[in-house]
Structure formats: structure tokens, C-alpha cells
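# Breakdown of the fold
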Amino acid sequence: MNDMSRPPVAAPPKISAEDVVSFCDFFYKKTGISMDASRRYFIDRRLEERMAANDCKTFREYLALVKFQPGGGEMQALINEMTVNETYFFREDYQFQCLTRHMLDEIADRRGNNRAPIRIWSVPCSTGEEPYTIAISILENWGRANDFDIEILASDIDSRVLGRAQEGIYEARALHRVPTKVRDTYFRKLDNDRWQVIDDLRESVDFSLVNVCNPTQMARMRGIDVIFCRNLLIYFDDLSRRRAAEHFYEALNPGGFVALGHSESMSRISNIFNPRKFPEAIVHQRPVS
Amino acid sequence: MALLKAKAAENVANPASQSGVSPASLDSDDPMERRRAVQQCVEEPNPVAALLGLLREEHENIVRQAAFTELAALGTSEAAQGLAELLSNADPALRNGALEALVAMPEQAMGLLAPLAFCDDPDVRIFAVMMANELPSERTADWLIALAAKEQDANVCSNLAEAIGGTGRRDALPVLQAIIERFPREPYLAFAAETAMTRIREG
Ligand SMILES: C[S@@+](CC[C@H](N)C(=O)[O-])C[C@H]1O[C@@H](n2cnc3c(N)ncnc32)[C@H](O)[C@@H]1O
């Protein structure tokens, strides 16, 4: 059979260099995530998949769908494809020690007789390992937990990971950093390979879809005492980082704390927070007055 | 295990406190309200002038930082130009803030490097070097090396040596050697240049 007689094979939709630039620009404005040409292969593949899924012949057609589709379903699907969701239980656990040994006591002392709830926000929370770690750390290690109402909020821009976080089902190997006693207290075994966070704990975490670059969504988050924002700002450029820092400032109560990932440095982003050096970690505090 | 409560998001949602809902005043005594007013400034016909004027009068850091962020977000050459002018302001907090805001608008900041090299004030040239250091690229490395080849101020040269050390560019070695020879009576400068040369050779 010669080439001419082959049935035509649908060529993958073509995405040009300019298309990628305009896509990155659009995606950055929506999410704060700055992607450069070094991730071209990754970007192209995801875009091609989404274009095929929507039967779009040209990139322009697809971009129009993403931008103007009522309800924004395709935008959400695209975000879910493009995010890096890696996370694990007790990641950088010195920060949780810092929380239960120092930050919470300081917040509780400042409350005095005011028994307003203490609010902790894990953003981004990805598949839930971080907020559950926070909850477990408090229950296990903070002696005054019973004296306060504690609310744990957890948010991400990716709706798919939020669903998984709420479900709270993890493979056995995802729990390798979790001590056996803790595992047996806060998880129940589903089968040989999977464990689920117990209902009480799952129901105590409030999961919500939040894009930290969206001012309207961020304006809903107020009265927070501690924000864990770890391994997000590395994907942002300087301007989005500054903006995120400003949103966090407003979301926090005076004296509230932000904890960033170990490779993220607030001093390079903004000077609106005061660095607080605790034995376990440096965190960033909104000035008390 | 009754200590953890759900439904937190509804508790926190308080539309009345949403920023940008009611117009805020720059004359308010409350810095948070002035900050909100700054964020609304961008709606004005000439936001760059308004924000720069405000920066010169406002002393509260949190308000100033919001103005810097808005200028960086505007990202225009006019905003960059205005920020560059603050690099020679007497107030170090304004100089630093301007530098950070410029770094957050890398395209515009790169465009400013060439003219800043000709500024008479050595302090401004130091800021320009610090800015180039925060914008690593071949273009900024070229700029640093070209400035180092002719710079006559010892303090600027010491900043240049440090920044050039981070570029890893071997063609900068003769330029660094020339700095040592240009300032025979400044041992700290020789030290800075030699450290940079070692970094490059070992890098
Ligand atoms: C690497 S995970 C970090 C999870 C966890 N904080 C940790 O450190 O293990 C990054 C998460 O950031 C989320 N993300 C990316 N851009 C975001 C945005 N603009 N707003 C909220 N979440 C975002 C992604 O969906 C992803 O789940």
C-alpha cells in the first residue's frame, strides 16, 4: 500500500509559538501562574488534549471557548490540567510544630477572654494532605485545643483536587510519614491499599474553590489567624506574589501569621509583614497594630 | 473531637467588608482605608501621577506598598519612569520600594537600565546595579559588564563586582581586573573584585 492510498489520519491540532505566548499571557492573568517556554512541551500536550476533547479545530476556537463559555467549565477543566498538585502528609513538618508550640499560643493569649474561633487556612490545599495534617497536629499536640473553637479552611484553584481532598482517600504509601498511632486514630482502612480520613475529621475541614489571584474571591476570606501558603508562590511571578501577599495581609487578623514553603522568601516579595523567628521556623506576621 | 468546626467559609464571608465596594478616601485616618483608596486610584484618568504624588506624601508602609504594587501592575513605561525617579529620593524606604516595584515589571525595568547608567548620582547607579542583579539575563549581564568597564565610583564598582560575580561570565574577568587597577587605594574593592573573579572561575 503506498502512502496515497492510506485513509487520512486526523492530524493533531496545531499550536503555534504565538498561540503559546498568548495562552501563557491569558493563563497568567487568570491564575497568577507564570509559565515559560521551557514548559512548552507540557503546555502543548495539555492544550492539544483539551482541544481534542472539545472538538476544536484551531487554537483560536479553543481560546474563545475558554474565555467566553458561560459558567467557565472549560476554564476550570484547563486549570485542573495545568496545575502541579504534588503534596504529602507532614510535609515540612517543622512548620506544624511551630504552629502548635508557638503560633497558636500567641494567638490564644492575645484573644484573652474573647473566645472567637481560631481560624487556620491552608491555601493551596491540593488533595488535602496539608489541612488534615494541620488538624491532626492540633489535636495531637496543642494542649489548649479544647479551650477554643478552631476552624480549618482549605482552598485550591483546582476543583478536581478539592473533590479528592473532601473524599480523603489515600493510598497506603501516601501515609508513610504518618506515625502508625496517628494513622490508626484518624484513618480507617478501606482495603489493603487504601485508607480514608475518618468522617469527623473530614467534616471539620471546610473546603472551597479559591483562586488567590481573584480579588472578589479573596475578599471573602477574612478574620484568619494563620495562613499556610506553601509551594504556590514558586509558580507565580513577582507581581502576582506581591498581590497575593497583599491579599493575605487583608485576610489575616492583626498579629496573624503566614507560613510559606521553604524555598519561598517573603523578604523578596514584600515588606508588609514582620519576620518572626521561632525555634522551628521563620514565619511572617501581620503587625499587631 | 468536637473542637474543629466546619462551615467556616460562610462565617467569614462578609460582603459588606469587600474591598472596592464603597469608595475609600485618601484622607482617612485609617491606613487600611487609605490603602483601599490607593487601589481605587487606578480607575482615575492619570493613575501614575496620582500614585507617585501619594507616595511622596504617605508615610504608612502598608499604604505605600499598595501604591507600589499598583504601579507595577500598570506596567507602563510611564509608571517605570516615575518609579525610576524615586530611586534618587532622600527617603531610603521609597528608594527600596521603587526598586522592588521595578523588579516586578521586568520588561520595563530592563528598558531603564541603559539610561540609568548615565545618571550623575552614583546612588542611583547603585540601585540600577541592584535592579540588574534581580533581573538575571544575558542582556543585564552585558549591561553590568559594560558599566563596570567605565565606572569611576568605587561604591558603584563594589556593587558591580558582586553582581557580575553572579553572572558566571568569563568575559568579565578582564573588566574585574581593571577595577582592581583603577582603584589601587581601595583594598575592599580589590577584595570584592577578586571574590567575583574566583566565583566566575569556579562557577
Ligand atoms: C504543589 S501544590 C501545594 C500543596 C500544599 N500546599 C503543599 O505544600 O504540599 C500547588 C497547588 O496550588 C494550586 N494553585 C495554583 N494556582 C493557584 C491559585 N491561583 N490559587 C489557588 N491555588 C492555586 C494548584 O492547584 C496545586 O494544587
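The present account deals with the structure reproduced in this document. (Residues numbered from 1 in each chain as written. Chains lettered and ligands numbered in written order. Predicted model: local features only at pLDDT ≥ 70, side-chain atom pairs only at ≥ 80, totals over all residues. Heavy atoms only, no water.)

## Here's the deal with the overall build of chain B
For clarity, the cut-off: Here a helix means four or more residues in a row that DSSP labels H or I, a strand means two or more in a row labelled E, and each is numbered from the N terminus. For every residue, the accessible area (1.4 Å probe, protein chains only) is compared with the maximum for its type, and the residue is labelled buried under 20%, exposed over 50%, or partly exposed between those bounds. By definition in these notes, contact holds between two residues if any of their heavy atoms fall within 4.5 Å. Computed with a 1.4 Å probe, the accessible areas rest on the Shrake-Rupley method; for each residue, only the protein chains presented here act as cover.
From N to C terminus, chain B includes 12 helices and one strand. Of the regular secondary structure in chain B, the N- to C-terminal order runs β-α-α-α-α-α-α-α-α-α-α-α-α. Relative to its 203 residues, chain B shows a buried fraction of 46%. Relative to all contacts within chain B whose residues are 6 or more apart in sequence, the contacts with residues 24 or more apart total 59%. As displayed, chain B has an accessible area near 9800 Å², and 52% of this comes from carbon and sulfur atoms.

## Some points on the pattern of salt bridges
Put simply, the rule is: Here a salt bridge means any side-chain nitrogen of Lys or Arg lying within 4 Å of a carboxyl oxygen belonging to Asp or Glu.
Counting across every chain of the model gives 30 salt bridges over all chains. Between Lys29 of chain A and Asp25 of chain A there is a salt bridge, with its nearest N and O atoms 3.0 Å apart. Highlighted residues: Lys29 of chain A and Asp25 of chain A, both in helix H1 (residues 17–31), separated by four residues, approximately one helical turn. We classify Asp25 of chain A as partly exposed; its relative accessible area is 39%. Asp55 of chain A is paired through a salt bridge with Lys57 of chain A; the nearest N and O atoms lie 3.7 Å apart. Classification of Asp55 of chain A by relative accessible area gives exposed; the value is 56%. Through salt bridges with shared partners, one network takes in Arg222, Glu246 and Glu250 of chain A together with Arg35 of chain B.

## Considering the side chain of Glu74 of chain A
Residues and elements named next belong to chain A. Spelled out, the test is: Counted as a polar contact is a pair of N or O atoms within 3.5 Å, where, for protein atoms, one must be capable of donating a hydrogen and the other of accepting one, and residues adjacent in sequence contribute only when both atoms are in side chains.
With respect to the helices and strands, Glu74 occurs in helix H4 (residues 73–82). A residue is classified by how much of its surface remains accessible, and Glu74, at 4% relative accessible area, is buried. There is a polar contact of 2.9 Å between the side chain of Glu74 and the side chain of Arg50. Within polar-contact distance, the side chain of Glu74 engages the side chain of Tyr62 at 2.5 Å. Those residues in contact with Glu74, other than ones at most four positions away along the chain, are Arg50, Asn54, Tyr62, Leu65, Val66 and Gln69.

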